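Now for the letters of each chain:
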2 protein chains.
Amino acid sequence: MKNITIIGVGLLGGSIGLGLRAAGVDCRLTGFGHRRSTLDRAAEFGAIDRVADSTADAVAKADLVVLCTPVGVFEAMLREIAPHLPSGCLVTDVGSTKRTVVRLAETILPGSTHFVGSHPMAGSEKRGVEYARADLFTHATCILTPTAGTDRAAVGAIEAFWRSLSMQTVRMSPEEHDAALSDISHLPHLLAGALVKMQAEGSLPLAGKGFMDTTRIASGDSGLWRDILLDNRDNIKASLSRLKSQLTAMEKLLDPRKGEALASWLAAAAGRRDGLAQRKLREISPE
Amino acid sequence: MKNITIIGVGLLGGSIGLGLRAAGVDCRLTGFGHRRSTLDRAAEFGAIDRVADSTADAVAKADLVVLCTPVGVFEAMLREIAPHLPSGCLVTDVGSTKRTVVRLAETILPGSTHFVGSHPMAGSEKRGVEYARADLFTHATCILTPTAGTDRAAVGAIEAFWRSLSMQTVRMSPEEHDAALSDISHLPHLLAGALVKMQAEGSLPLAGKGFMDTTRIASGDSGLWRDILLDNRDNIKASLSRLKSQLTAMEKLLDPRKGEALASWLAAAAGRRDGLAQRKLREISPE
């Protein structure tokens, strides 16, 4: 893949460019997006080699197009690039939800191109190319969401692409992806927000490191998150309902006669969290 | 205060000793507790100068006794030291809940001594003197919970004590303390636990940095937390109920026709969290 086009060169798009350069991948990086000033800054930072002047200029010679625009403008961008994509071109994205994105891509993009949905699980509560980092994706997981109609060779090529940024890759259906992410990412975001919002003003100065860590993700961009949450709302409502059941069950243990069961509940959570942390450590530095 | 006795020399007790030494406070540090091996290790690490052989030996000459035992054994320890405390001795603690602790101390300790409840808001999900650090309390807040019956000079002396460890101090009633901590510390702990427990096994490998940060506090010691949660259960139930209301209100915004209100909800949470983070930064490095 010689010619790679990044559409939307912010935190994620910029980090892809910087990461490919740092990994020594031999390719030409073209950047495109709605704001010329952002693109020029991305070129200055070395995240892209050149800024495209038009949609046609951006994708006409591309071997791979990576869509890094917010989920909310995804459909418009697909319609914009579709007529200009060369035959055999690979297209992927970095969206946090996958059912809608994959369905749109499969509907809008020409049959001569190959779309594979991607969700590189890395990011920051910061936004913009100035926070882009060559190692943003290193050791993180990228989920690929092929469907029955997806070209197998294209899936392998997109996997190789993310692995060149030192990511691990896993495959699941768009439906499995959205359900799992609802639990592990979208619900935690909402909980962090609710936890911040429910505090009395007088309690805030008492916030310690624990509270700050627990609520860090609440600082994310509200526009991006609105799009994610609305797109995945059916799953999120189900996640919320399961969380509420957990809380109701736990609340019954707040009883001095149930101290042992409460300690078990806490120990099970602690054990599971510790096991996960250790597994993560092993992934980063396997023996 | 020449003679300071630390009862329970684990993470917090050990960090007090190391912190006093690092600050160059001129005092003699005596350690006491149930496990001789822990005390010997604390002495090796330099967290205490000597290990007391008995309760009488530990407190008979103390100017200040700092109780660093878990909330669950607090009553027994108070009864153990009460007969041996010298007249005029100051006593404080590091417990995470304050109503019960203060009531017990005021009931059990002799009138010739002065108890002031303390809650230094620092810690770790780790436990034990091997994790003790001279700077554990630096820049953190210590809440003092005097009551109508508390000696004013004693409150000032205990404030000076925590400030010698570079802490900020605030005063509030035990009731105010327990209500505020329920929201800002105890509920977040339960939420982190519930969030870990509700995950399907298949989702766990997809956990990113956000999930790990959000759930870090779930790794705390289950016995310590059981005691805290049971002791403060009335407040925690009220906090849970308010959180559930927040979640129910938010759930109604998961509707494409309410995108603007959802974005506002998210932006308000993000803004409040960002403001808090900036305030914390200013506290650590004021201009």
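Thresholds applied
Residues numbered from 1 in each chain as written. Chains lettered and ligands numbered in written order. Predicted model: local features only at pLDDT ≥ 70, side-chain atom pairs only at ≥ 80, totals over all residues. Heavy atoms only, no water. Helix = DSSP H or I, 4+ residues; strand = E, 2+ residues; numbered from the N terminus. Rg over C-alpha atoms; globule rule 2.2 N^0.38 Å. Buried < 20%, exposed > 50% of the residue type's maximum accessible area, 1.4 Å probe, protein only. Areas by Shrake-Rupley, 256 points an atom, 1.4 Å probe, with all protein chains shown as cover. Lys, Arg positive; Asp, Glu negative; His and termini not counted. Charge placed at Lys NZ, Arg CZ, Asp CG, Glu CD. Contact = heavy atoms within 4.5 Å. Buried area = accessible area lost by both parts, 1.4 Å probe. Salt bridge = Lys/Arg side-chain N within 4 Å of Asp/Glu carboxyl O. Polar contact = N/O pair within 3.5 Å; in protein donor to acceptor, adjacent residues only side chain to side chain. Least-squares fit on C-alpha atoms with pLDDT ≥ 70 in both. Phe/Tyr/Trp six-rings, centres within 6.5 Å; stacked < 30°, edge-to-face > 60°. Pairing = 2+ DSSP bridges. Axes fitted to C-alpha atoms, helices over the stretch in contact; angles between N-to-C directions. Parallel < 35°, antiparallel > 145°, perpendicular 65-115°, else oblique. Left-handed = near helix turned anticlockwise from the far one by under 90°.

### Things to note about the overall build of chain A
Each helix and strand counted, chain A has eleven helices and nine strands in total. At 21 Å, chain A has a C-alpha radius of gyration in line with the 19 Å of a compact globule built from 287 residues. Residues counted as buried form 55% of the 287 residues belonging to chain A. Carbon together with sulfur atoms contributes 52% to the accessible area of chain A, which is approximately 11,500 Å² in total. Taken as two groups, the 34 positive and 32 negative side-chain charges of chain A have centres that lie 3 Å from each other.

### As for the environment of Ile228(A)
If you trace the backbone, Ile228(A) turns up in helix 9 (residues 222-231). Those residues in contact with Ile228(A) that lie beyond four places of it in its chain are Ser96(A), Thr97(A) and His186(A).

### Points about the interface of chain B and chain A
At the junction of the two partners, chain B supplies 79 residues and chain A supplies 79 residues. Across the chain B to chain A interface the summed buried area is about 7,600 Å²; carbon plus sulfur atoms make up 67%. Among the salt bridges present, the one from Lys244(A) reaches Glu251(B), with a minimum N-O distance of 3.4 Å. At the boundary of chain B and chain A, one finds 26 residue pairs in polar contact (both at pLDDT 80 or more). Elements with a minimum of two residues in the side of chain B that touches chain A: strand 8 (141-144), helix 7 (174-197), helix 8 (209-215), helix 9 (222-231), helix 10 (233-251) and helix 11 (259-284) of chain B.

### Some remarks on the relation of the copies chain B and chain A
Here chain B sits on chain A after a turn of 180° about the axis and a move of 0.0 Å along it, with an RMSD of 0.0 Å. These values place the two chain copies in the arrangement generated by a two-fold rotation axis. The position closest to the rotation axis in chain B is occupied by the C-alpha of Thr214(B), lying 1.9 Å away. Here 100% of the interface residues in chain B have copies in chain A that are interface residues too; the copies meet face to matching face.

### A word on the packing of aromatic side chains
Residues and elements named next belong to chain A. Scanning the entire structure with this criterion turns up four aromatic pairs over all chains. Between phenylalanine 161 and tryptophan 162, the ring centres sit 5.0 Å apart and the planes meet at 70°, which makes this aromatic pair edge-to-face. Taken individually, phenylalanine 161 and tryptophan 162 each receive the classification buried, so the pair is uniform in this respect. By the ring-pair criterion, three or more aromatic residues cluster together here, those being Phe137, Phe161 and Trp162.

### Looking at the pattern of salt bridges
One pass over the full model with this rule turns up 42 salt bridges over all chains. Arg216(A) serves as the salt-bridge partner of Asp213(B), at 2.8 Å between the closest nitrogen and oxygen. Of this pair, Asp213(B) sits in helix 8 while Arg216(A) sits in the loop between helix 8 (209-215) and helix 9, each in a different chain. Residue class for Arg216(A) comes out buried when judged on its relative accessible area of 15%.

### Remarks on the sheet that holds strand 9 (residues 168-171) of chain B
Picture the strands of a sheet paired through backbone hydrogen bonds; they go either parallel or antiparallel. Residues and elements named next belong to chain B. Spatially, three strands are ordered 7-8-9 in an open sheet, and the strand pairing comes out mixed. Looking at which strands have only one partner, the edges of the open sheet turn out to be strand 7 (118-120) and strand 9. In this sheet, neighbouring strand axes are inclined to one another by 20° on average, regardless of whether the strands run parallel or antiparallel. As paired strands, strand 8 and strand 9 are joined by four bridges and run parallel to one another. The partner of threonine 141 across the bridge, within strand 9, is glutamine 168. With respect to the sheet, helix 6 (residues 152-163) is in contact with strand 7, strand 8 and strand 9, its orientation differing from that of strand 9 by roughly 150°.

### A word on the packing of helix 10 (residues 233-251) of chain A against helix 7 of chain B
Between two packed helices, the angle of one axis relative to the other and the distance separating the axes together describe the packing. At a closest axis distance of 9 Å, the pairing of helix 10 of chain A and helix 7 of chain B adopts a crossing angle of 125°. In terms of orientation, helix 10 of chain A lies oblique with respect to helix 7 of chain B. In terms of crossing hand, the pair formed by helix 10 of chain A and helix 7 of chain B is right-handed. Counted together, Leu243(A), Gln246(A), Leu247(A) and Met250(A) of helix 10 of chain A and Leu190(B), Leu191(B), Ala194(B), Leu195(B) and Lys197(B) of helix 7 of chain B form the full contact between these two elements.

Purely geometric numbers; function is a separate question.
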